[in-house]
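Take a look at the letters that make up each chain.
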Amino acid sequence: MQQFLHAKQCRWQFLLTAFGLSEESLGFQCGKCDQCRKIDRGQPTIS
Ligand SMILES: [Zn+2]
């Protein structure tokens, strides 16, 4: 769960990887989760 919260990648991408769909998750961005929005805006993740 810590990994999930601190991931800088798309949250869906992380879930795909967690479910063993690592190939499908490569470069995946749903464009809707908070991480994708940060990526789109180019804002650094505040940790
Ligand atoms: Zn996303």
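Fair warning: this is a prediction, and the values are worked out from it, not measured in the lab.

Parameters and conventions
Residues numbered from 1 in each chain as written. Predicted model: local features only at pLDDT ≥ 70, side-chain atom pairs only at ≥ 80, totals over all residues. Helix = DSSP H or I, 4+ residues; strand = E, 2+ residues; numbered from the N terminus. pLDDT = per-residue confidence, 0-100. Buried ≥ 20, exposed ≤ 12 C-beta atoms within 10 Å, placed from the backbone.

A. View of the overall build of the protein chain. Broken down by element type, the protein chain carries four helices and zero strands. In sequence order, the protein chain lays out its α and β elements as α-α-α-α.

B. Geometry of the confidence of the model for the protein chain. Per-residue confidence for the protein chain averages 79 on the pLDDT scale, and 66% of its residues sit at or above 70. Across the protein chain, element-level confidence peaks in helix α2 (residues 11–18) with a mean pLDDT of 92 and bottoms out in helix α1 (residues 2–6) with 57.

C. Seen up close, the environment of Gln9. Structurally, the position occupied by Gln9 is in the loop between α1 and α2. Judged by the 16 C-beta atoms lying within 10 Å of it, Gln9 is partly exposed. On a C-alpha basis, the gap between Gln9 and Phe28 in space is 8.8 Å, while along the polypeptide they are 19 residues apart.

D. Up close: the environment of Lys32. If you trace the backbone, Lys32 turns up in the loop between α3 (22–25) and α4 (34–41). Expressed as a C-alpha distance, the spacing of Lys32 and Arg11, which sit 21 residues apart in the sequence, is 9.5 Å.

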